[in-house]
Amino acid sequence: MNYEDVLREARGCIGDSCKVCGICNGVGCRNRIPGPGAKGVGDTAIRNYQKWQEIRVNMDTLHANVPVDTSLELFGKKFRFPFFAGPVGAVNMHYSDKYDDLAYNNVLVDACAKAGIVAFTGDGMNAKVVESAAAAIKEANGMGVPTIKPWNLETIQGKMELVKKAGAFAIAMDVDAAGLPFLKNMEPPAGSKTVDELRQIAEMAGVPFIVKGIMTEKAARKAEEAGAAAIVVSNHGGRVLDQCPATAEVLPGIVEAVGGRMKVLVDGGIRSGVDIFKALALGADGVVIARPFVTAVYGGGAEGVQCYVEKLGAELADTMAMCGASTLNEISREMVWRS
C-alpha cells in the first residue's frame, strides 16, 4: 500500500465533512463545524498550512556525505522521527462511523508504537474513550501520550488516575479545548485554567506534563511557571477561535521565550517532511500532526499509519541531506529562508 492507495480508500469511507484532499490544507472543509474544519470563516486552518509554505529551505550539498539520523530523544525515550500523531476526538461524528474513538485510538496507538513514534490520544464526554486509550497505551508499554481536556479539577483527577495506571511516559492537556461547547456548559465549570490550577494538574500527572494550546510568549511562560515539561504551540487547528495567527508565525518568539528550559513542539498545517524540517529549523524540538493520521487510519488501518509515517520520515531525511544536516541537532535557522 502506498499513500495514494490510502487516500483512495479513505475517500470511500470517510464521510462528507472531510474531502480527503491530496494535501490537507483546510480549504475543502474551511468552516464546517462540527466537522474537521475551522471555526468562523475558517481561515485559521488555511493560514496554518499556508504560512509553512511561505518558508523555503536552503539547499546546500557541500558537506560530508554521511548517513542521516532522524531520531529524537524525548523524556528518556528514543523515537525514529521527531513527529507524533496528534489527539483527535469524536471521529465517528466528524468523519464517519467506520471507527469510533475507542477503535481509532486502538489502531493508532499500536501502529505508531510499531512505527517508532507515539500517538497523542484524545478525550471526550464518553469516559470509555480515555479508558480505552489508557488500555491501548499500556499494551504498547507506555508508548503513547494520553491527552486530557481541561475539565474541572475533580474530573481531571479521576482521569489522571486512570491514565497513570497505563504507564504512559508523558501526559498532556489540550488547554485550547477550553473553547469547546461541552466544556463551557459543564458544572462545576471547566475550561481555562489559572497557573495555580495548571500546577496542581502537572503535579497530578506525576510524569512529564505537556500543555497543548500555547500561542503566545506570555502563555508559554505561564506553562513553564506551572511546571510543564513541554508545550505544544497550537491553535487547535482553528477549531476553537477564528482568525488566529498561524503557529508558524508565533513559533520563533515562543522558542526564544522558553526554548532550552522546556521542550517546544508545534502543530497546525504541517503536512510533509519538508514542513517538519522547517519547524525544527525555527526552533521546535518536534512536531505533532493530527488530521492526516485520521486519513491514514480510515484509508488503511495500521498499514495506512505505517505508510504515512514512512512517507514523512523519508521526506524529512531527504530534506536534511539536501540542506546539510546529518542529525536533528544540526538543523539550524540559517537552513530556511523567510521573506
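Reference entry: report on the structure contained in this document. (Residues numbered from 1 in each chain as written. Predicted model: local features only at pLDDT ≥ 70, side-chain atom pairs only at ≥ 80, totals over all residues. Heavy atoms only, no water.)

**Digging into unusual backbone geometry**
Inclusion rule: Comment: elements are numbered from the N terminus, with helices defined as DSSP H or I runs of at least four residues and strands as E runs of at least two.
For the peptide bond that leads from Glu 187 to Pro 188, omega is -5 degrees, which places it in the cis range. Among the secondary structure elements, Pro 188 is positioned in the loop between helix H7 (181-184) and helix H8 (195-205).

**So, the layout of surface pockets**
What counts is decided by this rule: Two kinds of site are reported from a 1 Å grid over the protein atoms alone, namely cavities, where a 1.4 Å probe fits but cannot get out, and pockets, open sets with protein on both sides within 12 Å along at least five of seven lines, and residues are called lining when an atom falls within 4 Å of a point. Grid points are joined across faces, edges and corners, and a volume is the space filled by probe spheres set on the points. Each residue is assigned to one class: nonpolar for Ala, Val, Leu, Ile, Met, Phe, Trp, Tyr, Cys and Pro, charged for Asp, Glu, Lys and Arg, and polar for all the others, Gly among them.
Looking at the largest pocket, its volume works out to about 900 Å³. Lining the largest pocket are 49 residues, with Val 88, Gly 89, His 94, His 236 and Arg 239 sitting closest to its centre. The set of elements that each furnish at least two residues to the lining of the largest pocket consists of helix H2 (43-53), helix H3 (91-94), helix H4 (101-115), H7 and strand E11 (286-289). Looking at side-chain class alone, the lining of the largest pocket contains 20 nonpolar, 17 polar and 12 charged residues. Here the second largest pocket is characterised by a volume of approximately 600 Å³. Val 175, Asp 176, Gly 213, Ile 214 and Ala 219 are, among the 25 residues lining the second largest pocket, the residues nearest its centre. Sorting the residues of the lining of the second largest pocket by element identifies H8, strand E8 (209-214) and helix H9 (217-225) as the ones contributing at least two each. Counting residues per element, the lining of the second largest pocket draws most heavily on H9, which supplies four residues. Partitioning the lining of the second largest pocket into residue classes produces 13 nonpolar, eight polar and four charged.

**Considering the nonpolar core**
For soluble globular proteins, nonpolar side chains are generally found buried alongside one another. What counts here: What we call a nonpolar core is a set of buried Ala, Val, Leu, Ile, Met, Phe, Trp, Tyr and Cys residues that are connected through their side-chain atoms within 4.5 Å. Categorising residues by exposure relies on relative accessible area from a 1.4 Å probe, with only protein chains included: less than 20% of the type maximum marks a residue as buried, more than 50% marks it as exposed, and the intermediate range marks it as partly exposed. Residue contacts are counted whenever heavy atoms from the two residues lie within 4.5 Å of one another.
Ile 231 and Phe 293 are the most contacted members of the largest nonpolar core, which has 115 residues in total. Element by element, the count of residues in this core is highest for helix H12 (residues 291-323), at 13 residues. Residues in contact with Ile 231, not counting those within four places in the same chain, are Ile 210, Val 211, Ile 214, Ala 220, Ala 223, Ile 254, Val 258, Met 262, Lys 263, Val 264 and Leu 265.

**Overview of the sheet that holds strand E10 (residues 263-266)**
The following threshold applies: Two strands pair under a simple rule: DSSP has to find at least two bridges between them. Here, axes are lines fitted to C-alpha atoms. For helices the fit covers the stretch in contact, and angles between N-to-C directions go from 0 to 180 degrees.
One open sheet holds the eight strands; their spatial order is E4-E11-E10-E9-E8-E7-E6-E5, and the pairing between them is parallel. Two strands bound the open sheet, and with one partner strand each, they are strand E4 (83-85) and strand E5 (120-121). In this structure, E5 lies alongside strand E6 (residues 145-148), joined through two bridges in parallel fashion. Each bridged residue has a counterpart across the sheet, and for Thr 121 the counterpart in E6 is Pro 146. Packed onto the sheet, helix H11 (residues 273-281) meets E4, E10 and E11 and runs at close to 140 degrees relative to E11.

**A word on the side chain of Arg 291**
What counts, and what does not: Charged residues are defined here as Lys and Arg on the positive side and Asp and Glu on the negative side; His and the ends of the chain fall outside this count. Salt bridges are identified by distance alone: a Lys or Arg side-chain nitrogen within 4 Å of an Asp or Glu carboxyl oxygen.
Position of Arg 291 relative to the elements: it lies in helix H12. We note that Arg 291 is buried and unpaired, the nearest opposite charge coming from Asp 267 at a distance of 8.9 Å. Setting aside its immediate chain neighbours within four residues, Arg 291 contacts Cys 24, Cys 29, Pro 36, Gly 37, Ala 45, Tyr 95, Gly 237, Arg 239 and Arg 271.

**A look at H12**
The cut-off we apply is this: One less than the residue count of a helix, multiplied by 1.5 Å, gives the span that helix is expected to have. Working definition for bend: take the seven residues up to and ending at a residue and the seven starting at it, fit an axis to each, and measure the angle between the axes.
The terminal C-alpha atoms of H12 lie 28 Å apart, and with 33 residues this falls more than 12% below the ideal 48 Å at 1.5 Å per residue. Residue Gly 300 marks the point of greatest curvature in H12, where the axis turns by about 135 degrees. Of the residues flanking the end of H12, it is Gly 324, one or two places downstream, whose phi is positive at about 90 degrees.

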